[in-house]
Amino acid sequence: MSGKDALGPHLVPGSLSWFLSFSPSLHLPLSFFYLFSHPQGRDNMCEKTSYMFLQKELPDLLNHHSVGLVQSWYMQSFLELLEYANKSPEDPQVLDNFLQVLIKVRNKHNDVAPTMAQGVIEYKEKFGFDPFINGNTQYFLDRFHTNCNSFHVLINQHTLLFGGDTNPAYLKHIGNIDPTCNVTGVVKDVYGTAKMLCEPYYLVAPELEVEEFSAKAPNTSNQVVYVPSHLFLVLFELFKNSTRTTVKPGYPAVKTLATLVKKTSTKISDRGDLAERTRAGPLAGFGYDLPISCLYARYFQGDLKCYSMEGVVTDAVIYLKALSSEAFERLPAFNKSTWRHYKSTAEADDWSSPSSEPRDASKYKAKQDKMKAHRTL
């Protein structure tokens, strides 16, 4: 039996049906070690290998998203990348054209996060708040943005390595990745940016106090293999919140402690105004930046945790893997469990509440369904 016959009459290699036939859960997460261990340059087989990987991987990553305008962007990009499914990397023109397509796709998807956030706002304004739908929406958005992050990491890694547009200031970088990322240096750079944004609005900005400790090499800066742009995004969101809540006279400086033991930990502490932290205003954003920062921190098996003692202190701790061989991508799997999550039915509360009778969440769901049916009519 030929390969085409084995795939079935409609599963022609390179077609939409062919990509849909693959289980997305088969996507293998990559590690920092894998991403930065390949040599740079066009004079070896690396670009061809990258091309062969991305021509299958990127369409698969685009295979799971659907929401309004964003859906049209992803479908268009999917079809553009699909054209290279069966083209040989031995042709230099194919490699150059593929590079230009990746740059075009990357630029087209720059506004995915704010567009998705606007879509969620519009949905809530039209249909109101439903705790069950809200839970499923958050579940979807976490997985969606994680997948988007992987998509951009792979594209940027290829375009930075083979696009010939190397920034002289980042000659040690391998694509996205800095093999010797100075965590304390990034902290100071990010805080400087947050301070510049804070001062025009509040005419003042708190000072920054930095401490660092390394168990591997005392009295040296903490270094880790990481994507500096990811660390910048996570830190910027935290410092933006810290600066705007500690601008009042008499508030102490924002403190940062960076440590390196078995993992890299960075703690940001401020004693800002809790009311200001929850109030909309300058630098407050639209509510999606911090959740996306958490996803960025977790992408390579790290984490972001926030702890607050009301009126006393707020601590935000970023954890990063110290060993590049342990920093694998954290990616969503798409399988039957995913589908069951969306189809799960509401159940009654099984914990006591202040009311005399346990609340039955299924009744709330039935009431919401009835209201939606009336709206439809």
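Worth saying up front: this structure is predicted, and the values here are computed from it rather than measured.

1. Some details on the side chain of His173
Step number 1: Tracing the backbone through its elements, the reader meets His173 in the loop between helix H8 (131-162) and strand E1 (178-182).
Step number 2: At 3.4 Å, the side chain of His173 forms a polar contact with the side chain of Asp178.

2. Here we look at unusual backbone geometry
Step number 1: Located in the positive-phi region is Leu203, a residue other than glycine, with phi close to 65°.
Step number 2: Within the secondary structure, Leu203 is located in the loop between helix H9 (183-202) and strand E2 (208-214).
Step number 3: Its relative accessible area of 77% is what places Leu203 among the exposed residues.
Step number 4: Despite not being glycine, Gln301 shows a phi value in the positive range, around 65°.
Step number 5: The topology assignment puts Gln301 in the loop between helix H12 (289-299) and strand E6 (303-309).
Step number 6: For Gln301, a relative accessible area of 35% gives the class partly exposed.

3. Examining the sheet that holds strand E5 (residues 263-270)
Step number 1: Pairing is mixed across the open sheet formed by five strands, whose spatial order is E2-E4-E5-E7-E6. Looking at the sheet topology across the chains shown, the edges are occupied by E2 and E6. Averaged over neighbouring strand pairs, the angle between their axes works out to 15° when direction is ignored.
Step number 2: In the sheet, strand E4 (residues 254-260) pairs with E5 via six bridges, with the strands oriented antiparallel. Bridged to Lys255 within E5 is Ser269.
Step number 3: On the sheet, H9 packs against E2, E4 and E5 and is oriented at approximately 170° with respect to E2.

4. Section: the environment of Thr245
Step number 1: Position of Thr245 relative to the elements: it lies in helix H10 (residues 228-245).
Step number 2: Accessibility expressed as a relative area gives 1% for Thr245, which makes it buried.
Step number 3: Spatially, the C-alpha atom of Thr245 lies 8.0 Å from that of Arg271, the residues being 26 residues apart in sequence.
Step number 4: Looking at Thr245, its side chain comes within polar contact range of the main-chain oxygen of Asn241, at 3.0 Å.
Step number 5: Of the polar contacts made by the side chain of Thr245, one reaches the backbone oxygen of Ser242; its length is 3.1 Å.

5. Some details on the packing of H9 against H10
The angle between the axes and the distance between the axes are what describe a pair of packed helices.
Step number 1: Contact pair H9 / H10: the axes reach a minimum separation of 9 Å and the direction vectors enclose 40°. Considering the angle they form, H9 stands oblique to H10. Here H9 and H10 pass one another in a crossing that is right-handed. Seen from H9, the contacting residues are Val183, Val186, Val187, Val190, Tyr191, Thr193, Ala194, Leu197, Cys198 and Tyr202; seen from H10, they are Leu231, Phe232, Leu235, Phe236, Phe239, Lys240, Thr243 and Arg244.

6. Details of the nonpolar core
Step number 1: Grouped together as the largest cluster of nonpolar side chains are 26 residues, with contacts concentrated most on Leu231, Val234, Leu235, Leu238, Phe239, Leu304 and Ile318.
Step number 2: Breaking this core down by element, the ones donating at least two residues are H9, strand E3 (223-226), H10, E4, H12 and strand E7 (313-321).
Step number 3: Dropping the residues within four chain positions of it, Leu235 is found in contact with Val186, Val187, Val190, Thr266, Ile268 and Ile318.
Step number 4: Membership of the second largest hydrophobic core comes to 13 residues, among which are Val101, Leu102, Val105 and Ile155.

7. Describing the environment of Leu81
Step number 1: Mapped onto the elements of the fold, Leu81 is located in helix H5 (residues 68-82).
Step number 2: Since its relative accessible area comes to 1%, Leu81 is described here as buried.
Step number 3: Along the chain, Leu81 and Leu54 lie 27 residues apart, while their C-alpha atoms are 9.0 Å from each other.

8. A few points about the confidence of the model for the chain
Step number 1: Within the chain, residue pLDDT values average 77, and 71% of them lie at 70 or more.
Step number 2: Within the chain, no element has a lower average pLDDT than helix H1 (residues 3-7), which sits at 37, and none a higher one than helix H6 (residues 92-108), at 93.
Step number 3: Taken together, the stretch residues 1-13 has pLDDT below 50 and engages in 12 contacts with residues farther than four places along the chain or on a different chain.
Step number 4: Within the model, pLDDT remains below 50 along residues 39-45, and this stretch shows 10 contacts once partners closer than five positions in the same chain are excluded.

Each value, and the rule that gives it
Residues numbered from 1 in each chain as written. Predicted model: local features only at pLDDT ≥ 70, side-chain atom pairs only at ≥ 80, totals over all residues. Heavy atoms only, no water. Helix = DSSP H or I, 4+ residues; strand = E, 2+ residues; numbered from the N terminus. Polar contact = N/O pair within 3.5 Å; in protein donor to acceptor, adjacent residues only side chain to side chain. Buried < 20%, exposed > 50% of the residue type's maximum accessible area, 1.4 Å probe, protein only. Pairing = 2+ DSSP bridges. Axes fitted to C-alpha atoms, helices over the stretch in contact; angles between N-to-C directions. Contact = heavy atoms within 4.5 Å. Parallel < 35°, antiparallel > 145°, perpendicular 65-115°, else oblique. Left-handed = near helix turned anticlockwise from the far one by under 90°. Core = buried A, V, L, I, M, F, W, Y, C linked by side-chain atoms within 4.5 Å. pLDDT = per-residue confidence, 0-100.

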